[in-house]
Amino acid sequence: MGLNLLFLGVLLLPWVSALLVACFPKSLVSITLSGLFSAAALYFLSSVGADFKIAYTWFQLGGQEINASFWANSSAQLVLGLVAIVSFCVQLFSKSYLKGDPSIGRYYTYLHLFVGAMTLLLLTDSVFLFYGAWELVGACSYLLISFWHQKQAATQAAKKAFLINRLGDIALLFGLIGLGLHFNTWQFSAMQGIAPTLIGVAIIAGGIAKSAQFPLMSWLPDAMEGPTPASALIHAATMVAAGVFVGVRVFDITSPETHLFMGIIGAISFLSGAVFAIFQKDIKKTLAYSTISQLGLMWMGMGSDASLFHLLTHGIFKAGLFLAAGAVIHTVHSQSLNDMGGLRKKAPVAAFAYLIFGAGLMGLPLTGGFFSKENLAGFLYTSGRAELLVVLAIGMVLTSFYISRQFYLIFMGPLKEGSAEKNSAQNIPIRLLIIASLSIWISRHPFEMPENALLTIYHIPSFWLYITAMTWVIGIAGAYVSRNWIPAENYQFLPRFWPNLFRLIRWKSRSALIFETQILDRLVNGIASLQVILAHLLAWCDRHLVDGILVGGSSSLSLATGKILSRWQSAKVQSYWAMIIVTFALFLLYAVFTK
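Because the structure is a prediction, the values reported are computed rather than measured.

Visitor: I'd love a proper account of the overall build of the protein, names of residues and values included.
Guide: Helices and strands together make up the secondary structure of the protein, namely 21 helices and two strands. The burial tally for the protein puts 52% of its 595 residues in the buried class. Excluding contacts between residues fewer than 6 apart, the proportion of contacts in the protein whose partners are at least 24 apart in sequence is 80%.

Visitor: Just give me the short version of the side chain of Ser-34, but keep the residues and values in it.
Guide: Along the polypeptide, Ser-34 turns up in helix 2 (residues 27-47). Here Ser-34 is in contact with Ser-87, Phe-88, Gln-91 and His-112, once residues within four sequence places are set aside.

Visitor: Could you give an account of the pairing of strand 2 (residues 64-72), naming the residues involved and the relevant values?
Guide: Of all nine residues making up strand 2, seven are buried, and the element is well covered by its neighbours. Looking at chain direction, strand 1 (residues 52-61) and strand 2 are connected through nine bridges and run antiparallel. Bridge pairing links Tyr-56 to Ala-68 in strand 2.

Visitor: Can you tell me about the pattern of salt bridges, naming the residues and giving the values?
Guide: Enumeration over the complete set of coordinates arrives at five salt bridges. Of the charged contacts in the structure, one is a salt bridge between Lys-151 and Glu-225, with a shortest N-O distance of 3.6 Å. With Lys-151 in the loop between helix 5 (127-145) and helix 6 (152-183) and Glu-225 in the loop between helix 8 (219-222) and helix 9 (228-236), this pair connects stretches of sequence that are 74 residues apart. The class for Glu-225 is partly exposed, based on a relative accessible area of 25%. Beyond isolated ion pairs, a larger network of salt bridges with shared partners links Glu-135, Arg-166 and Asp-169.

Visitor: Can you explain the packing of helix 3 (residues 74-97) against helix 13 (residues 305-332)? Please cite residues and give values.
Guide: Relative orientation of the contacting elements helix 3 and helix 13 amounts to 5°, with a least axis distance of 9 Å. In terms of their interaxial angle, helix 3 and helix 13 are classed as roughly parallel. Facing helix 3, whose interface residues are Ser-75, Leu-78, Val-79, Leu-82, Val-86, Cys-89, Phe-93, Ser-96 and Tyr-97, helix 13 presents Leu-308, Leu-311, Leu-312, Gly-315, Ile-316, Ala-319, Leu-323, Gly-326, Ala-327, Ile-329 and His-330. Its residues assigned to classes, the contact of helix 3 with helix 13 shows 15 nonpolar, five polar and no charged.

Visitor: Can you break down helix 16 (residues 386-411) residue by residue, with the values?
Guide: Its 26 residues place the ends of helix 16 38 Å apart at the C-alpha level, agreeing with the 38 Å of an ideal helix rising 1.5 Å per residue. Burial analysis of helix 16 places 20 of its 26 residues in the buried class, which makes it a mostly covered element. A positive phi of about 80° marks Gly-413, the residue just after helix 16.

Visitor: Can you lay out the nonpolar core for me, pointing to particular residues and giving the numbers?
Guide: Phe-44, Tyr-107, Leu-179 and Tyr-354 are the most contacted members of the largest nonpolar core, which has 176 residues in total. The element that contributes the greatest number of residues to this core is helix 13, accounting for 16 residues. The residues contacting Leu-179, other than those within four sequence positions of it, are Phe-188, Met-191, Ala-195, Ile-199, Ile-203, Val-250 and Ile-253.

Visitor: Pulling in residues and values, what's your account of unusual backbone geometry?
Guide: Across the junction of Phe-214 and Pro-215, the peptide omega takes the value 0°, indicating a cis bond. In this structure, Ala-212 takes a positive phi of about 55° despite not being glycine. With respect to the secondary-structure elements, Ala-212 resides in the loop between helix 7 (197-210) and helix 8.

Visitor: Explain a nonpolar patch on the surface to me, using residue names and the numbers behind them.
Guide: A surface patch of nonpolar side chains, amounting to about 550 Å² of accessible area, comprises Val-582, Leu-586, Leu-589, Val-592 and Phe-593. Among the secondary structure elements, Val-582 is positioned in helix 21 (residues 573-593). Looking at Val-582, the relative accessible area reads 48%, which means it is partly exposed.

Visitor: Which residues make up the packing of aromatic side chains, and what values go with them?
Guide: Per the counting criterion, the structure on display carries 20 aromatic pairs. With a centroid separation of 5.3 Å and 50° between ring planes, the pair formed by Phe-7 and Phe-52 is classed as tilted. In this pair, Phe-7 sits in helix 1 (residues 3-23) while Phe-52 sits in strand 1, placing the two residues 45 residues apart along the sequence. The same class applies to Phe-7 as to Phe-52, namely buried. When the centroid spacing of 6.0 Å and the interplanar angle of 65° are considered together, the rings of Tyr-142 and Phe-162 count as edge-to-face. Here Tyr-142, found in helix 5, pairs with Phe-162, found in helix 6; they are 20 residues apart in sequence, far enough to count as distant. For Tyr-142, a relative accessible area of 32% gives the class partly exposed. Counting every residue linked through ring pairs, the aromatic cluster contains Phe-7, Phe-44, Phe-52 and Phe-70. Over the face of the ring belonging to Trp-71 we find Lys-53, whose NZ or CZ atom lies 5.5 Å from the ring centre.

Definitions and cut-offs
- Residues numbered from 1 in each chain as written.
- Predicted model: local features only at pLDDT ≥ 70, side-chain atom pairs only at ≥ 80, totals over all residues.
- Heavy atoms only, no water.
- Helix = DSSP H or I, 4+ residues; strand = E, 2+ residues; numbered from the N terminus.
- Buried < 20%, exposed > 50% of the residue type's maximum accessible area, 1.4 Å probe, protein only.
- Contact = heavy atoms within 4.5 Å.
- Pairing = 2+ DSSP bridges.
- Salt bridge = Lys/Arg side-chain N within 4 Å of Asp/Glu carboxyl O.
- Axes fitted to C-alpha atoms, helices over the stretch in contact; angles between N-to-C directions.
- Parallel < 35°, antiparallel > 145°, perpendicular 65-115°, else oblique.
- Nonpolar A, V, L, I, M, F, W, Y, C, P; charged D, E, K, R; others polar.
- Expected span 1.5 Å × (residues − 1).
- Core = buried A, V, L, I, M, F, W, Y, C linked by side-chain atoms within 4.5 Å.
- Patch = residues over 30% accessible without salt bridge, like charges linked within 9 Å, V, L, I, M, F, W, Y side chains within 5 Å.
- Areas by Shrake-Rupley, 256 points an atom, 1.4 Å probe, with all protein chains shown as cover.
- Phe/Tyr/Trp six-rings, centres within 6.5 Å; stacked < 30°, edge-to-face > 60°.
- Lys NZ or Arg CZ within 6 Å of the ring centre and 35° of its normal.

Next up, the structure:
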């Protein structure tokens, strides 16, 4: 099979799969198609080089030819591999988790569309296709968050995600247009030089909203109203990964001031996300704030292979944490930590998985998270960003604290009543992610990563390993001391700690709603009513004037004329002689009287 044909198959298969699943809404059909996509994607990644480009003529605009161009560079290939692995595990887990749901076909269709949009976003080189894929990713996330639309909380969360992301999408649109005009090209790979800071900040604002970074971070915890497997896909490989990927895509063509802006936003998000993860009693919202925190860490190291490497490892263990959390929720039928405890006895696979994935989140040895976090620390140290190492150390303490305490509250202690249900089918994708999250795939040495053709390895000073070990000890010890403490309520970021901004966003949202319902909707409905009235008038004119007078009158005149003239053609010889004699007589009379 040719590489170009294989590439087109990877690009188009999710869209074809969505159509097939919509027509045949069966779990087996969807999982088979997802497995086929994952196998094709991984085979493509194993066959392609470090830089693959292909372009097709699309259309011409103002004498300029616009191509549907695609670019699978090393960063796009790494994230595509993550999408392939996580999407298949999510599909496999969903079969058991949503068993008996009457809308399972619609759910699987959304998943395939989500993967298709993310694949297009990763592989396109065209600014136009990139923004189209960006909007499709947002639309699919809205559909999945509001999947259980009969629940008001789900619809409210989807609206909130949509509105907050629109702020970033508008900024991104202006930034991409400015980028194309500045470089006089609409292909990312052809852009050379440095764009103005304002353009870079506008593009990064789009990434901030999509990856739920400060201050546009409050939509992600509320997005937990969607199905848990969909949350795993959103938090690991698609929605939030898209926000980081746009930063990776434009890093080399943006200014140092833009890079500083990325680092500041990332540092604030890294610490604030970790702090708010501590004050959650909802298992999924803890993981949501954890995602915000880890994405902030990626923004701190943006522009390096270390940041991209952490995106890959984080996507695997965060997807595993969400699927393990889904198994726990499926067991106790609750997301509250108040209803959990002692589940290591009833859900041993989920307990072991949570232990491994939590270790990856903390960056413990023998997990991929250890190498990616230490590589990020090495990048910050060698690039002269030593002050961010202090932020990293504090954040690692907080991370070790909240994930260790959550593990204890869920799996340790006495078993609470009502925790009796198990489902072994959910353990298969969890086991796959456990294997993928181990460091054996990266290095056989537990503390040293070898040089890699795809990634740059950054070495760290020996003193940092002692600091890292101290963060684990302090975090785990703090979790043990406060192991029985469960927050009284979930603390949300904007309404509690930035009320003015929250009120502004709420006022903007309500103003947009009033403008839409009272002005736009009435205008559209008025235009529609006017169209109906005009249609009735045109129909009356057509029926009575055109058909009645013009068409009907001319046809009646033609009929009468035809009847009269038809009498001249009787085929009787005597009638013809009589007409000749009468005509000749009239001619003689005319000749006589005109003299």
